[in-house]
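# A look at the structure
Now for the letters of each chain:
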Amino acid sequence: MQLENEFYKLPLTFDIEQLRREVLRFDESDWAPHHEHFEGNSAIPLISVGGGFNNEFKGEMKQTPALEASPYIQQVIASFGEVVGRSRLMRLAPGCEVPLHCDINYHWHKRVRIHIPIVTEENVIFHCGDKQTHMAAGDCWIFDSWKHHKVVNNSDCLRVHLVIDIIGSSRFWSMIRDRSIPSGSILPPPTPSHFLAYSNDMLPELKTENFNFPIIMTPSEIESLTNELASQIMEYSSNNGGSAQEFIRIIKDFSLDWQELWSRFAANKEGWPFYHQLRQRTLERASVFEKTVLVNGQTSAMKVLIHLIVAPSMSTELAEVRPSTVVAGAEKRTEINSQKPAKSMSRNSPCHCGSGEKFKHCHGKMS
């Protein structure tokens with residue numbers, strides 16, 4: 001999520017010794033290497049799609065066995081009182097780093113990642129934009145994930161952070177506005193931190209995401225996202241005016257044509273091939289500007305178009321795993337087959353249009 005400042009320290013602190021005890025209970029085999037094979041990076045999923053050991057963003061989020069075995073970590077996550085998405089323990093080995101990157105995909109457009117350091121030292125430095133900070137153990141931070149960022153571990157410790165992904169209600173963002181303090185700010189100190197003590201008796205209630213990606217994105221969301229991308233293109237002064245205007249025309253056409261298809265099909269299955277054809281046609285038209293139209297000095301508008309708008313505009317692989325809502329008279333009831341566990345869907349799952357192809361080779365294909 002884009003924020004006004006790079007870093008915010010929240011007025012919250014936690015029982016670092018209890019957190020460390022729970023982390024140390026995990027074996028080395030519990031830590032999975034980073035899915036993109038970043039050296040020295042590993043993680044333990046705590047809240048994931050279907051409660052499984054996966055890196056997916058789409059689908060019903062549930063607690064994993066690792067979280068169920070960690071009572072204080074449950075209490076920490078629940079203490080925010082927010083609906084929680086994909087969350088995990090993230091580890092970084094000595095002398096390694098989280099490479100420079102920015103999070104411009106749909107998941108991160110309206111979500112922020114809360115960082116609670118558990119094992120760390122002063123030589124572990126978080127970089128974001130042109131700012132940097134050390135996040136001390138037991139503190140609580142958020143940062144602007146749409147700026148390029150990285151983490152460098154120049155210490156001798158295996159750094160471990162608890163990270164929690166949320167959209168955030170008005171309560172959370174009021175705390176950010178009123179009680180957090182931007183890193184490096186000359187503002188007065190924030191109000192005293194609230195400390196969350198460990199309770200042997202507390203059974204926290206965790207609220208987790210059930211709906212996080214649309215099966216078919218609504219025209220209003222498509223329009224909002226394309227308008228935002230158009231603004232970013234126009235604000236980047238180094239763009240060639242003619243190329244920028246042509247790229248904007250392509251994405252505006254996409255929004256208008258999506259509206260037309262929606263008025264005919266909405267999210268019904270018979271419309272899926274038409275939406276998919278429109279996506280592919282738009283990407284073909286826009287691809288000629290991949291290296292010439294940018295949103296900043298490091299990120300192409302084409303990359304944003306794919307990961308923020310076009311790819312997430314259809315998530316038809318979710319169609320079979322979402323509860324179906326049936327309206328009967330004035331009553332609404334949700335039909336859920338409690339005999340079947342929630343499925344963890346991925347781009348390697350069969351496409352639900354019935355083609356027999358994997359989703360990534362059919363309606364999930366981004367050429």
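Summary of the structure given here.

The rules behind the values
- Residues numbered from 1 in each chain as written.
- Predicted model: local features only at pLDDT ≥ 70, side-chain atom pairs only at ≥ 80, totals over all residues.
- Heavy atoms only, no water.
- Helix = DSSP H or I, 4+ residues; strand = E, 2+ residues; numbered from the N terminus.
- Buried < 20%, exposed > 50% of the residue type's maximum accessible area, 1.4 Å probe, protein only.
- Contact = heavy atoms within 4.5 Å.
- Phe/Tyr/Trp six-rings, centres within 6.5 Å; stacked < 30°, edge-to-face > 60°.
- Lys NZ or Arg CZ within 6 Å of the ring centre and 35° of its normal.
- 1 Å grid on protein atoms, 1.4 Å probe; cavity = no way out; pocket = protein on both sides within 12 Å on 5 of 7 lines; lining within 4 Å.
- Points joined across faces, edges and corners; volume = space filled by probe spheres on them.
- Pairing = 2+ DSSP bridges.
- Axes fitted to C-alpha atoms, helices over the stretch in contact; angles between N-to-C directions.
- Parallel < 35°, antiparallel > 145°, perpendicular 65-115°, else oblique.
- Left-handed = near helix turned anticlockwise from the far one by under 90°.
- Core = buried A, V, L, I, M, F, W, Y, C linked by side-chain atoms within 4.5 Å.
- Polar contact = N/O pair within 3.5 Å; in protein donor to acceptor, adjacent residues only side chain to side chain.
- Expected span 1.5 Å × (residues − 1).

## Here we look at the overall build of the protein
Helix and strand content of the protein: nine helices and 18 strands. By the burial criterion, 49% of the 367 residues in the protein qualify as buried. Sequence separation of 24 or more characterises 74% of the internal contacts of the protein that already satisfy a separation of 6 or more.

## Some thoughts on the packing of aromatic side chains
Following the criterion strictly, the structure yields eleven aromatic pairs and no others. Considering the side-chain rings of Phe 7 and Phe 126, the 5.7 Å spacing of their centres and the 90 degrees angle between planes classify their relative orientation as edge-to-face. Taken together, the positions of Phe 7 in strand β1 (residues 7-9) and Phe 126 in strand β9 (residues 124-128) put the pair 119 residues apart, joining distant regions of the chain. Summarising the burial analysis for this pair, Phe 7 and Phe 126 share the class buried. Seen from their ring centres, Phe 14 and Phe 80 are 6.3 Å apart, and the 40 degrees between their planes marks the pair as tilted. With Phe 14 in strand β2 (residues 12-14) and Phe 80 in the loop between α3 (71-79) and β6 (83-92), the pair connects residues that are 66 residues apart, well separated along the chain. As far as burial versus exposure is concerned, Phe 14 and Phe 80 are alike and both buried. One aromatic cluster in this structure is built from Phe 7, Phe 126, Trp 141 and Phe 143. Against the face of Trp 31 rests Arg 91, its NZ or CZ located 4.5 Å from the ring centre. The residue whose ring lies beneath Arg 264 is Phe 274, and the NZ or CZ to ring-centre distance is 5.3 Å.

## Remarks on empty space enclosed by the protein
What the rule picks out here adds up to one cavity of 30 Å³ or more. Each pocket or cavity is described by its volume, and for the largest cavity that value is around 40 Å³. Along the walls of the largest cavity sit Thr 120, Val 124, Ile 125, Phe 126, Thr 133, His 134, Met 135, Val 151, Arg 159 and His 161, which together make up its complete lining. Elements that contribute at least two residues to the lining of the largest cavity include exactly β9 and β13 (159-166).

## Observations concerning the sheet that holds strand β12 (residues 149-153)
Paired through backbone hydrogen bonds, the strands of a sheet run either parallel or antiparallel to each other. Taken in spatial order, the four strands make up an open sheet running β7-β12-β9-β10, and their pairing is antiparallel. The open sheet has two edge strands, β7 (97-101) and β10 (131-133), and neither has a second partner. When the angles between neighbouring strand axes are averaged without regard to direction, this sheet yields 20 degrees. Relative to β12, β7 runs antiparallel, the two sharing three bridges. If you follow Glu 97 over to β12, its bridge partner there is Val 152.

## Focus on the packing of helix α6 (residues 219-235) against helix α9 (residues 301-310)
With their axes 11 Å apart at the nearest point, α6 and α9 run at an angle of 160 degrees to one another. Considering the angle they form, α6 stands roughly antiparallel to α9. Relative to α9, α6 is oriented so that their crossing is right-handed. Here Ile 222, Leu 225, Thr 226, Leu 229 and Ile 233 of α6 lie close against α9, whose contacting residues are Ala 301, Val 304, Leu 305, Leu 308 and Ile 309.

## Some thoughts on the nonpolar core
The biggest cluster of nonpolar side chains holds 42 residues, and the ones touching the most others in it are Phe 14, Leu 89, Ile 116, Ile 142, Leu 162 and Phe 172. It is α3 that provides the largest number of residues to this core, a total of five residues. Not counting chain neighbours up to four residues away, the residues in contact with Ile 142 comprise Leu 3, Glu 6, Phe 7, Tyr 8, Leu 10, Val 112, Arg 113, Ile 114, Phe 172, Trp 173 and Ile 176. Residues Tyr 106, Leu 278, Val 304 and Leu 308 belong to the second largest nonpolar core, which totals 41 residues.

## Some points on the side chain of Asn 239
Here Asn 239 shows up in the loop between α6 and α7 (241-265). Judged by its relative accessible area of 12%, Asn 239 falls in the buried class. Within the structure, the side chain of Asn 239 is placed 2.8 Å from the backbone oxygen of Leu 294, a separation counted as a polar contact. Dropping the residues within four chain positions of it, Asn 239 is found in contact with Ile 233, Ala 244, Thr 292, Val 293 and Leu 294.

## Some words on α7
The terminal C-alpha atoms of α7, which comprises 25 residues, lie 36 Å apart, in line with the 36 Å expected from a rise of 1.5 Å per residue. Along α7, the positions that sit buried rather than exposed are Ser 243, Ala 244, Phe 247, Ile 248, Ile 250, Ile 251, Phe 254, Ser 255, Trp 258, Leu 261 and Phe 265. Residues of α7 that are buried in the fold lie against α6, α8 (272-286) and α9. Capping of α7 at its N-terminal end is provided by Asn 240; its side-chain oxygen lies 3.0 Å from the backbone amide nitrogen of Gly 242. Looking one or two places after α7, you find Ala 266, whose phi comes out positive at around 50 degrees.

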